[in-house]
Amino acid sequence: MESPTFSGKNVLVTGAGSGIGRQISLDLASLGAFIYLLDINKDGLCETAKLCKSEKIKIIHADLCEFGALEDILIAALEGERLDGLVHCAGVSQLSPLKSLDMDRALNTYLINSHAAIFLSKFCSSYRVISKLGASFVFISSIYGQVGSAANSAYAMSKSAITGLVKSLAIELAPKKIRVNSIVPGFIETSMLNKLSENFDAEYVDRLRALHPLGLGGVSDVSNAIVFLLSQKSRWITGSELVVDGGYTAQ
């Protein structure tokens, strides 16, 4: 199958400073897209920009929780250009039993994982921003938005919200030729996972790996799925969740 091309396409990627966000940025750069790289981690953004080896990039150093300032920052960064795609990869985890849940951290989890998604959708779907040919929005959800996990209520709640958002926006934005879908990853080998693993013994990590019949995934496994949903090869897909979990939820 011929690889999709993104030549002449503009895509905004959040969480571009690391992990899945970095990988999709690299892949889109190799496919000819102009990429707007957004992250709160300036050093990570600079590293991603360097790895992209492309002149068709712009760094946006911003906090997704600062909604009041974010719109002006994005308008200034776009300089009148229009978007053909949005990929919301930025996210934080919150692992804590309910009895000791830190409500401030829980709120921050909702703001980045869920509220930022709806803010970005509103901004990117406006007529002054979106391409007249339509666009594709892709959000990163999680298997924990579909299956239960102890001590994971805040994170699971924030990711479950993506399901409702995707289905509602798919209907509302279809007249603008905007498709809205989500990727539902299992555990991916990223720095976030490695940080979580530091809190557990080797036996727990081994059990975690065993829950994935195909083993843990890599960022490229998720990025490949995102490229598909951004491309015209998925032109008749909207309001869907593409599960990329190595068989975790098949059990």
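Our subject in this report is the structure included herewith. (Residues numbered from 1 in each chain as written. Predicted model: local features only at pLDDT ≥ 70, side-chain atom pairs only at ≥ 80, totals over all residues. Heavy atoms only, no water.)

Some remarks on the overall build of the protein
- The number of helices and strands found in the protein is eight helices and seven strands.
- Radius of gyration (C-alpha) of the protein: 17 Å, near the 18 Å computed for a compact globule of 251 residues.
- With respect to the principal axes defined by its C-alpha atoms, the protein has extents near 50 × 45 × 40 Å.
- Sorting the 251 residues of the protein into buried and exposed places 51% on the buried side.
- In the protein, once contacts between residues fewer than 6 apart in sequence are set aside, the share between residues at least 24 apart is 72%.
- Element-wise, carbon and sulfur atoms account for 55% of the exposed surface of the protein, whose accessible area totals about 12,400 Å².
- Across the protein, the mean location of the 23 positive side-chain charges is 7 Å away from that of the 24 negative side-chain charges. (Helix = DSSP H or I, 4+ residues; strand = E, 2+ residues; numbered from the N terminus. Rg over C-alpha atoms; globule rule 2.2 N^0.38 Å. Buried < 20%, exposed > 50% of the residue type's maximum accessible area, 1.4 Å probe, protein only. Contact = heavy atoms within 4.5 Å. Areas by Shrake-Rupley, 256 points an atom, 1.4 Å probe, with all protein chains shown as cover. Lys, Arg positive; Asp, Glu negative; His and termini not counted. Charge placed at Lys NZ, Arg CZ, Asp CG, Glu CD.)

As for the side chain of serine 231
- Of note, serine 231 is situated in the loop between helix 8 (219–230) and strand 7 (241–244).
- Beyond its immediate sequence surroundings of up to four residues, serine 231 is in contact with Pro4, Phe6 and Arg179.

With respect to the sheet that holds strand 1 (residues 10–14)
- With parallel pairing, the seven strands of this open sheet are ordered in space as 3-2-1-4-5-6-7. At either margin of the open sheet sits one strand with a lone partner, and together these are strand 3 (57–61) and strand 7. Across the sheet, the axes of successive neighbouring strands diverge by a mean angle of 15°, strand direction being ignored. (Pairing = 2+ DSSP bridges. Axes fitted to C-alpha atoms, helices over the stretch in contact; angles between N-to-C directions.)

Overview of the side chain of aspartate 84
- Here aspartate 84 lies in the loop between helix 3 (67–78) and strand 4 (85–88).
- Here aspartate 84 sits buried without a salt bridge, and the closest side chain of opposite charge, lysine 9, lies 4.1 Å off (N-O distance).
- Reaching out from aspartate 84, the side chain makes a polar contact with the side chain of serine 131 at a distance of 3.3 Å.
- With residues near it in sequence (within four places) discarded, aspartate 84 still touches Gly8, Lys9, Asn10, Ser131, Gly134, Ala135 and Ser136. (Salt bridge = Lys/Arg side-chain N within 4 Å of Asp/Glu carboxyl O. Polar contact = N/O pair within 3.5 Å; in protein donor to acceptor, adjacent residues only side chain to side chain.)

What about the nonpolar core?
- Ranked by size, the top nonpolar core spans 34 residues in total, and within it Leu12, Ile60, Leu74, Phe137, Phe139 and Val180 carry the most contacts.
- Of all the secondary structure elements, the ones that give two or more residues to this core are strand 2 (34–39), helix 3, helix 4 (103–124), strand 5 (135–140), helix 5 (153–173) and strand 6 (178–185).
- Ranked by residue count, the leading element in this core is helix 4, at eight residues.
- Not counting residues up to four positions away in its chain, the partners in contact with phenylalanine 137 are Leu86, Ser121, Cys124, Ser125, Ile130, Leu173, Ile178, Arg179, Val180 and Asn181.
- Counting 29 residues, the second-largest nonpolar core is a separate cluster that includes Ile24, Leu28, Ala33 and Ile226. (Core = buried A, V, L, I, M, F, W, Y, C linked by side-chain atoms within 4.5 Å.)

Quick look at the state of the cysteines
- With the rule as written, the count across this model stands at zero disulfides.
- Cysteine 52 provides the cysteine sulfur closest to cysteine 46, a residue in no disulfide bond, and the two sulfurs are 12 Å apart. (Disulfide = S-S within 2.5 Å.)

Some details on the pairing of strand 1
- For strand 1, the buried fraction is high: five of the five residues fall into the buried class.
- Across the two faces of strand 1 the burial is the same, with Asn10, Leu12 and Thr14 and Val11 and Val13 all buried.
- Read from strand 1 through helix 1 (residues 19–30) to strand 2, the crossover connection turns out right-handed.
- Sheet topology note: the strand 1/strand 4 ladder contains four bridges and is parallel. Considered in strand 4, the bridge of valine 13 is made with valine 87. (Right-handed = clockwise from strand over helix to strand, strands pointing away.)

Focus on the packing of helix 4 against helix 5
- The contact between helix 4 and helix 5 brings their axes to 8 Å, and the two run at 10°. Comparing their axes, helix 5 and helix 4 come out roughly parallel. Note on packing geometry: the crossing formed by helix 4 with helix 5 is right-handed. Residues Ala106, Thr109, Tyr110, Asn113, Ser114, Ala117, Ile118 and Ser121 of helix 4 lie in contact with helix 5, whose contacting residues are Ala154, Tyr155, Met157, Ser158, Lys159, Ala161, Ile162, Leu165 and Leu169.
- Split by residue class, the contact of helix 4 with helix 5 holds 11 nonpolar, five polar and one charged. (Parallel < 35°, antiparallel > 145°, perpendicular 65-115°, else oblique. Left-handed = near helix turned anticlockwise from the far one by under 90°. Nonpolar A, V, L, I, M, F, W, Y, C, P; charged D, E, K, R; others polar.)

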